Amino acid sequence: MADWNPSLYLQYETERSRPAADLLSRVALENVHSVVDLGCGPGNSTALLHQRWPSAVITGIDTSPAMLNEARKALPTCRFIEADICKFQTEQPLELLYANASLQWVPDHYDLFPHLVSLLTHNGVLAVQMPDNWLEPTHVLMREVAYEQGYPDRGRSPLPGVHAYYDILAEAGCEVDIWRTTYYHVMDSHQSIIDWVSSTGLRPWLQDLSENEQHLYLARYHELLQEQYPLQENGKILLAFPRLFIVARRND
């Protein structure tokens, strides 16, 4: 897959950073010395960690060189490493593993989450936020257009669900706090919705298409978005965006 586009991703930086801040507000840790930001992207979530614990050793990991370059420019005092979350290991147990809008891209959560818990100290915290929008029109229509135009399914899989995550983490020896929030983002147009998802969920669907195929795909996607997202009285659009939050404290 082509590298991520930090500029496009940060076009909605305020909206993307809000759930990151909401997640961090539920992490009840005080004297933190070591934090890893899993899937740090351009550093917008890492900046929140640095503001909360300015003296901590904060490491961001990501697979995108472009995102990491952006993060290094924004936060020169933090450490950033190109690494795969699936294979991530640490020399010393961590007090906080923080993953904002990243683990939905990583497969095999039944194995991944216990592995991440194993990297924590006693009373260490795994804090996770993931978009839970697989059944939202934005993502249903991605699959529908691909089916109409004869393309294979390239989207990510649905999340296992609240009850599954609770069991996975409880069995891994954690006290689990889990909740779901739906944000309603005010969008200027249906094209704005496309701009939003183009930097994230839409990427896998477009990556192997020619320029002409992308044009046809996006034209049809835009048409269907107009059917599913009505205009408000002032001409704006409300984009519902559900997200799943998990704060798991290791207490085994």
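Here the structure is a predicted model, which is why all the values come from computation and not from measurement.

Rules of the game
Residues numbered from 1 in each chain as written. Predicted model: local features only at pLDDT ≥ 70, side-chain atom pairs only at ≥ 80, totals over all residues. Heavy atoms only, no water. Axes fitted to C-alpha atoms, helices over the stretch in contact; angles between N-to-C directions. Helix = DSSP H or I, 4+ residues; strand = E, 2+ residues; numbered from the N terminus. Parallel < 35°, antiparallel > 145°, perpendicular 65-115°, else oblique. Left-handed = near helix turned anticlockwise from the far one by under 90°. Contact = heavy atoms within 4.5 Å. Nonpolar A, V, L, I, M, F, W, Y, C, P; charged D, E, K, R; others polar. Buried < 20%, exposed > 50% of the residue type's maximum accessible area, 1.4 Å probe, protein only. Arc of directions from axis to C-beta. Core = buried A, V, L, I, M, F, W, Y, C linked by side-chain atoms within 4.5 Å. Salt bridge = Lys/Arg side-chain N within 4 Å of Asp/Glu carboxyl O. Phe/Tyr/Trp six-rings, centres within 6.5 Å; stacked < 30°, edge-to-face > 60°. Lys NZ or Arg CZ within 6 Å of the ring centre and 35° of its normal.

Enquirer: Account for the packing of helix 2 (residues 13–24) against helix 3 (residues 44–52), naming residues and giving values.
Expert: Where helix 2 meets helix 3, the closest approach of the two axes is 9 Å, and the angle between their N-to-C directions is 40°. In terms of orientation, helix 2 lies oblique with respect to helix 3. Remark: the crossing between helix 2 and helix 3 carries right-handed chirality. The segment helix 2 lies against helix 3, with Glu13, Arg16, Ser17, Ala20, Ala21 and Leu24 engaging Asn44, Ser45, Leu48, Leu49 and Arg52. Looking at the contact of helix 2 with helix 3, its residues break down into 5 nonpolar, 3 polar and 3 charged.

Enquirer: Account for helix 4 (residues 65–74), naming residues and giving values.
Expert: Every buried residue of helix 4 is listed here: Met67, Leu68 and Ala71. Taken down its axis, helix 4 places every buried residue within 95° of arc, on the same side.

Enquirer: Would you mind going over the nonpolar core in detail, with residue names and values included?
Expert: Counting residues in each nonpolar core, the largest one holds 29 residues, and the members touching the most others are Leu97, Leu103, Phe113, Leu126 and Ile246. Those elements that provide at least two residues to this core are strand 1 (34–38), strand 4 (94–100), helix 5 (109–118), strand 5 (120–131), helix 7 (162–171), strand 6 (174–187) and strand 7 (237–250). Here leucine 103 is in contact with Ile85, His109, Leu112, Phe113, Leu116, Val128 and Met130, once residues within four sequence places are set aside. Counting 27 residues, the second-largest nonpolar core is a separate cluster that includes Val35, Leu48, Leu49 and Cys78.

Enquirer: Let's hear about the pattern of salt bridges: which residues, and what values?
Expert: According to the stated counting rule, one finds 7 salt bridges in the structure shown. Its salt-bridge partner being glutamate 148, residue arginine 220 comes within 2.8 Å of it at the nearest N-O pair. Here arginine 220, found in helix 10 (residues 211–228), pairs with glutamate 148, found in helix 6 (residues 137–148); they are 72 residues apart in sequence, far enough to count as distant. Accessibility expressed as a relative area gives 22% for arginine 220, which makes it partly exposed. Glutamate 148 sits in the partly exposed class, given a relative accessible area of 41%. Connected via shared salt-bridge partners are Glu148, Arg220 and Glu223.

Enquirer: So what about the packing of aromatic side chains? Which residues, and what values?
Expert: Under the criterion given, the structure shown has 4 aromatic pairs. Centroid distance tryptophan 179 to phenylalanine 245: 5.1 Å. Interplanar angle 5°. Geometry classified as stacked. In this pair, tryptophan 179 is assigned in strand 6 and phenylalanine 245 in strand 7, connecting sequence segments 66 residues apart. Over the face of the ring belonging to tryptophan 179 we find arginine 26, whose NZ or CZ atom lies 3.8 Å from the ring centre. The ring of phenylalanine 241 carries the charged tip of arginine 243 above its face, separated from the ring centre by 4.0 Å.

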